[in-house]
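Breakdown of the fold
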Amino acid sequence: MEGQVLQLKRIGVRYSGIPVIQGISLDVGKGEATCVVGANGAGKSTILKAIMGALRVFEGQILFNNQEIQNLKTEDIVRMGITYVPEERMLFSPLSVEENLLLGAYVLKGETQIQRNLDYVYSLFPTLHERQEQAASTLSGGEQQMVAIGRGLMSNPQLLMLDDPSLGVAPRLVDEVLGSVRQLKQDGITILLVEQNVRESLDMADRGYVIQTGRVVLEGSGEELLRSDLVRKAFLGL
């Protein structure tokens, strides 16, 4: 479909032979933020890992820019332009903030582009610019999350996938982290977001999907989902 960066077509994923994702379809439009919400264990992170090739799809198709990728290796998927920022962040603790960021630029050629991306990350997260020489291990959870997102941006992703970026982040920094995601969307970066802060994520999302036990049970614009009885009762306590 024109304008779709990513399409999942009825994909299925198993853990130890047991289906955990069953017939899920979703679309991510170019320049849009698409959000996947659901309870813990619903299968949200599994979807992102399947897109990255970390988990094998046993049925269905994953299309990136209209090219099938479900049988490709993770490194090939990264080189095509998909960047995944996992829930665990996976920073190199002894390395400085800037050294961690530069690790994200390994697919780029040319110092000018790398410096431009670094400047962009520092403009998005001024705190990181102040702490560029600090070891990642000395940062707070929120600051480490900023480094993880910044490292993901260093590769010029065509699609940025974020797995629960506000998890383990102090309340005062949650707004800053989610605000940066909103800014990325305004800057035209295509985002697929899994996030526990349902109200904030659907508020910024162009499109949203609600997952329950490995299936899509509701989809629509972020605004439509925020108004739905299912979301209001299950996630917003209304």
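Here's what I pulled together on the structure shown here. In this text, all values refer to a predicted model and were calculated from it rather than measured experimentally.

**Some remarks on the packing of helix α6 (residues 141–153) against helix α7 (residues 171–186)**
Between α6 and α7, whose axes approach to 9 Å, the crossing angle comes to 15°. In terms of orientation, α6 lies roughly parallel with respect to α7. Every pair of crossing elements has a handedness; the one defined by α6 and α7 is right-handed. Taking contact as the criterion, the partners of Gly142, Glu143, Gln145, Met146, Ile149 and Leu153 in α6 are, on α7, Leu173, Glu176, Val177, Ser180 and Leu184. Here the contact of α6 with α7 is composed, by residue class, of six nonpolar, three polar and two charged.

**What to know about the sheet that holds strand β8 (residues 191–194)**
Spatially, β6-β7-β8-β3-β9-β10 is the arrangement adopted by the six strands of the open sheet, whose pairing is mixed. In the strand order of this sheet, the two ends are held by β6 (82–85) and β10 (215–220), each with one partner. Across the sheet, the axes of successive neighbouring strands diverge by a mean angle of 15°, strand direction being ignored. Bridge analysis of β6 against strand β7 (residues 159–163) gives four bridges, and the strand direction is parallel. Bridging across to β7, Val85 finds its partner in Leu162. Strands in contact with helix α1 (residues 44–51) are β3 (33–38), β6, β7, β8 and β9 (207–212); relative to β7, the strand with the most contacts, it is inclined by about 145°. Here α7 sits on the sheet in contact with β3, β7 and β8, set at roughly 160° to β8.

**Points about the sheet that holds strand β2 (residues 18–29)**
Across the sheet, four strands lie side by side as β2-β1-β4-β5; this open sheet has antiparallel pairing. A single partner strand is all that each edge strand has here, and the edge strands are β2 and β5 (67–68). Sheet contacts for α1: β1 (4–15), β2 and β4 (57–64); angle to β1, the most-contacted strand, approximately 110°.

**Describing the packing of aromatic side chains**
One pass over the full model with this rule turns up zero aromatic pairs. If you follow Arg14 out to its NZ or CZ, it ends over the ring of Phe58, 3.7 Å from the centre.

**Things to note about helix α4 (residues 111–124)**
The terminal C-alpha atoms of α4 lie 20 Å apart, and with 14 residues this matches the ideal 20 Å at 1.5 Å per residue to within 8%. Looking at the buried positions of α4, the neighbouring elements they touch are α3 (97–103), α5 (126–130), α6 and α7.

**Observations regarding the pairing of β10**
The pairing of β9 with β10 spans five bridges and is classified as antiparallel. Within the sheet, the bridge partner assigned to Val210 lies in β10 and is Leu218. Taking the residues that link successive antiparallel strands as the turn, the β9-β10 hairpin has two residues, and the phi of Thr213 there is positive, at about 40°.

Analysis parameters
Residues numbered from 1 in each chain as written. Predicted model: local features only at pLDDT ≥ 70, side-chain atom pairs only at ≥ 80, totals over all residues. Heavy atoms only, no water. Axes fitted to C-alpha atoms, helices over the stretch in contact; angles between N-to-C directions. Helix = DSSP H or I, 4+ residues; strand = E, 2+ residues; numbered from the N terminus. Parallel < 35°, antiparallel > 145°, perpendicular 65-115°, else oblique. Left-handed = near helix turned anticlockwise from the far one by under 90°. Contact = heavy atoms within 4.5 Å. Nonpolar A, V, L, I, M, F, W, Y, C, P; charged D, E, K, R; others polar. Pairing = 2+ DSSP bridges. Phe/Tyr/Trp six-rings, centres within 6.5 Å; stacked < 30°, edge-to-face > 60°. Lys NZ or Arg CZ within 6 Å of the ring centre and 35° of its normal. Expected span 1.5 Å × (residues − 1).

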